[in-house]
Structures are given as C-alpha cells and as structure tokens.
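Structural overview for review
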Amino acid sequence: MDKRVVHITGEQSCKLLRLAREGKVVSVAPAPECAAQPLDSTMRHLTDLGAPSLLDALGVGPANPLEILVPSDKSRRWTQGIKTKTLTTRLPEGSFFELLPGSSKKESIQIPTDLRVLIESPSLSIVRRARVMEAFIANSKLTRHIAMLRLLEFADECCGSYSRCPSDPRSGKIIYDKPGKCTRLITPKELRSYIQELRGMKGIALARTVAQYAIDESGSPMESFFNHSLTLPPRFGGLSIATPLANKQLVMSDRIKPILKHKSLRPDLQWPKFHVLAEYLGDAEHSGKPSRVEDKRRMQDYATAHYTAFPLMFDDVRNVAAIRVTAQMIARELMKNGATNELYRIRRIMKGESFQEKQTQLVATLLPPVTRFE
C-alpha cells in the first residue's frame, strides 16, 4: 500500500527546517521526489492528516491553515484547514526533504506510519521566496535591493552554522552550532548548482544573485551582516573589499603551530593573503572572566602567527558611521600588507550619494537586533 504524501510549503516549511537544525523536535533526510504530489482523496478535513503534534508545532488553526503544494490547478480542492498552492514545474534532485522524528522522546513530532511529510529544501525555499518577492517588486511594494538583502539573510542562515528561532526568526533566540561544527543543510556551491539546473520558475534571477553572495559557514547573524557590509558590491551597499574566509582554520606555517596555545584557530573573518583578521565579540558571550581569558589567549596566538587582529564589538558595527570607521581601519591594514590603494578606493565609494542610501538600507535590513549586556 502506497503511503500518503503531503508537501508543506511557505513559512511553515521554513519553520520545520529551523526545527530540524536543532534536531529535538524533527529531523530531515533528502527525499527523491522532483515534483509535487496530488493531495490524497481521503483528506476531507485537517484532522484526517493524523498528525496533531505536527499541526501544534506549526501553530495551524483557523487563521493559519496548513499550506500544501499540489502539482496543478486541477488537483486543488477545498479541504477544511488546508490551503493549497500549485507547483507545476518538474524540479531538480534535492528539492525536498522528508520530515522524520526528532531526537527527544518527549518533544518529537509523531508522524503516522502511512504518511510521508515533505518540506522544501533550503534551495527550493530560497527560489520560492524569491518568486514571492518578485511579485512584490512588480507591485512596487518592495525594492529589488531590499528583496535581495532579505533573501540573502535567509540564505546565509541556511549555509551557516546558526539557525534563527523557528517561531520568531527576527528577534528570537538563535541556535548556534558547537565550535568547529556546522550543521548547515546546504553550501553556497550546492545552492548555485541547484539554481543552475532550474527551468521555468519565476524568481530564478533574484535567487541566482543571492546565491552568488551567500556566505559559507558564517557563525552568526552579526558576522553575516558585518561580512556583507564590507564585501558586497557598492550597488548593494557594500564596500567590495576582498571576500574573507569565514570560520575557516587559520592559514599559517607549520613551524608556528607548536608554540600556539590553541590546536585550532578559526577566526570569524580572515584575509590570509594580507595576514589580517577580524572577530566579533558579543556582549553577553564574552562578558565573564573565562571568556576574557580565552579572548586574550586567542589574540596572543594571532600575534604569534603574524596576523593583525581586529576584535570588534557592537559599537564598531552599530550604524553606518561605525561601519565606515571600522572598514577604514581594516582597509588601511590590508593596504599596509599589499592591497593597492584599498583605503582610498573605499573612501571614494563612501562619498557617492547613491551609495550612502544603499549602505543605510543594508544596515537597516541586515543589522541584527542586539540586547546590550551591561
């Protein structure tokens, strides 16, 4: 007997992706499907799904129906508590993940044995979000610049070692991977490859731009914001400084390693060609004495490895003025180590009237809300 299949879409799919990153409530595995499936004919009411814990986790109710993909307008039908959306395009492999129980016996979502629940993969989710944003752009509800930045924020999360709060992505608690680990569900390279294979879907052009600038293994929303403020092209509000490595093993000679205090050093941003790096020190995370001692030891190792290190805090990135001062400090050091005219180049960019507007929009869109720790 074939199992019933439902394809959950939209923000509900994104919520399940975020829950899967933590792994307690749900987990995911790649699914072979390359197209949406018709809704089972036995589904007359939401309760027929037989997965109340899933509906509870998604907050499904009269004002928030379950959003499901179907393959055509003909397969759309009225089912109480369910809202259907069409996806007529045949998709590349890697378009869907199958939802599986999580690791916590108490919290795990229970899925009936005769039901398969599929959600959009990060790649498909990014493209479908881009499709929605293209409609907003066409109706003058959103500028292409802001749409690109908002979608880039989501792509960074999918490709990074952190996950935003499923119920409150903007302001809720963020889940961070353990040091040296990355539970990302996709890499920027895989995202670009997926989009390259897609055909006949609106939003591909916007998604392709986003994939070009998504950061590989960023460690936090603040790191992503600061990285983009330095490296994005001026048309997007960045200063087009050379793209740094993010949270990668420090590049150094083998003869230095035996005298370091750490076996592994992975700075937030590093420009190995110029022996410059930067690390963001969050207020609360770096407030206690053990953290301060660790910061000290790490900065000593960077000096031993002949790197100029810039420890940054919220005051260094809090607004356009702060970003400009910080960027000039880094550019000056890059120039001292071989980057031709870098400081003078970004100063010319910052004088542009259109750039000032773009930079202000970048900060307003990507700067994470931060609770200050006194």
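Residues numbered from 1 in each chain as written. Predicted model: local features only at pLDDT ≥ 70, side-chain atom pairs only at ≥ 80, totals over all residues. Heavy atoms only, no water.

Taken in spatial order, the 4 strands make up an open sheet running 9-10-11-12, and their pairing is mixed. Both outer strands of the open sheet, strand 9 (245-246) and strand 12 (308-312), are each paired with one neighbouring strand and no more. The pairing of strand 10 (residues 269-271) with strand 11 (residues 276-280) spans 3 bridges and is classified as antiparallel. Pairing of glutamine 270 across the sheet is with leucine 277, part of strand 11. On the sheet, helix 7 (residues 221-231) packs against strand 9, strand 10, strand 11 and strand 12 and is oriented at approximately 35° with respect to strand 10. On the sheet, helix 9 (residues 320-336) packs against strand 10, strand 11 and strand 12 and is oriented at approximately 175° with respect to strand 12. (Pairing = 2+ DSSP bridges. Helix = DSSP H or I, 4+ residues; strand = E, 2+ residues; numbered from the N terminus. Contact = heavy atoms within 4.5 Å. Axes fitted to C-alpha atoms, helices over the stretch in contact; angles between N-to-C directions.)

Moving on: the packing of helix 4 (residues 144-159) against helix 11 (residues 353-366). Each pair of packed helices can be summarised by the angle the axes make with each other and by the distance between the axes. Following both chains from N to C, one finds helix 4 and helix 11 inclined at 35°, their axes separated by 10 Å at the closest point. For the pair helix 4 and helix 11, the sense of crossing is right-handed. Contacts between helix 4 and helix 11 involve His145, Ile146, Leu149, Arg150 and Glu153 from the first element and Lys358, Gln361, Leu362, Thr365 and Leu366 from the second. In terms of residue class, the contact of helix 4 with helix 11 is built from 4 nonpolar, 3 polar and 3 charged. (Left-handed = near helix turned anticlockwise from the far one by under 90°. Nonpolar A, V, L, I, M, F, W, Y, C, P; charged D, E, K, R; others polar.)

What follows is about the packing of aromatic side chains. Here a ring pair, both rings aromatic, is described through the centre-centre distance and the interplanar angle of the planes. Counted according to the given criterion, the structure contains 1 aromatic pair. Ring geometry for tyrosine 213 and phenylalanine 236: centres 5.8 Å apart, planes at 70°, overall edge-to-face. A residue pair is termed long-range when its members are at least 10 positions apart, and tyrosine 213 in helix 6 (residues 204-213) and phenylalanine 236 in the loop between helix 7 and strand 9 qualify at 23 residues. Its relative accessible area of 17% is what places tyrosine 213 among the buried residues. Here the basic side chain of arginine 129 rests over the ring of phenylalanine 154, its NZ or CZ set 4.0 Å away from the ring centre. (Phe/Tyr/Trp six-rings, centres within 6.5 Å; stacked < 30°, edge-to-face > 60°. Buried < 20%, exposed > 50% of the residue type's maximum accessible area, 1.4 Å probe, protein only. Lys NZ or Arg CZ within 6 Å of the ring centre and 35° of its normal.)

This paragraph deals with the pattern of salt bridges. All chains considered together, the criterion is met by 23 salt bridges. As a salt-bridge pair, arginine 116 and glutamate 33 come within 2.5 Å of each other at their nearest N and O atoms. In this pair, arginine 116 sits in strand 6 (residues 115-120) while glutamate 33 sits in the loop between strand 2 (26-31) and helix 2 (52-58), placing the two residues 83 residues apart along the sequence. This pair shows no difference in class: arginine 116 is buried, exactly as glutamate 33 is. Notably, a salt bridge pairs lysine 248 with glutamate 217, separated by 3.5 Å at the nearest N-O pair. With lysine 248 in the loop between strand 9 and strand 10 and glutamate 217 in the loop between helix 6 and helix 7, the pair connects residues that are 31 residues apart, well separated along the chain. (Salt bridge = Lys/Arg side-chain N within 4 Å of Asp/Glu carboxyl O.)

In this section: the nonpolar core. Within the largest apolar cluster, 72 residues are counted, with the highest numbers of intra-cluster contacts made by Met148, Phe225, Phe226, Trp271 and Ile330. It is helix 4 that contributes the most residues to this core, 10 residues altogether. Discounting residues that sit within four places of it in the chain, tryptophan 271 has contacts with Leu230, Ile241, Ala242, Thr243, Pro244, Val276, Leu277, Ala278, Tyr307, Ile330 and Leu334. Core analysis: the next-biggest nonpolar cluster, separate from the first, contains 27 residues, Leu58, Val60, Phe97 and Ile109 among them. (Core = buried A, V, L, I, M, F, W, Y, C linked by side-chain atoms within 4.5 Å.)

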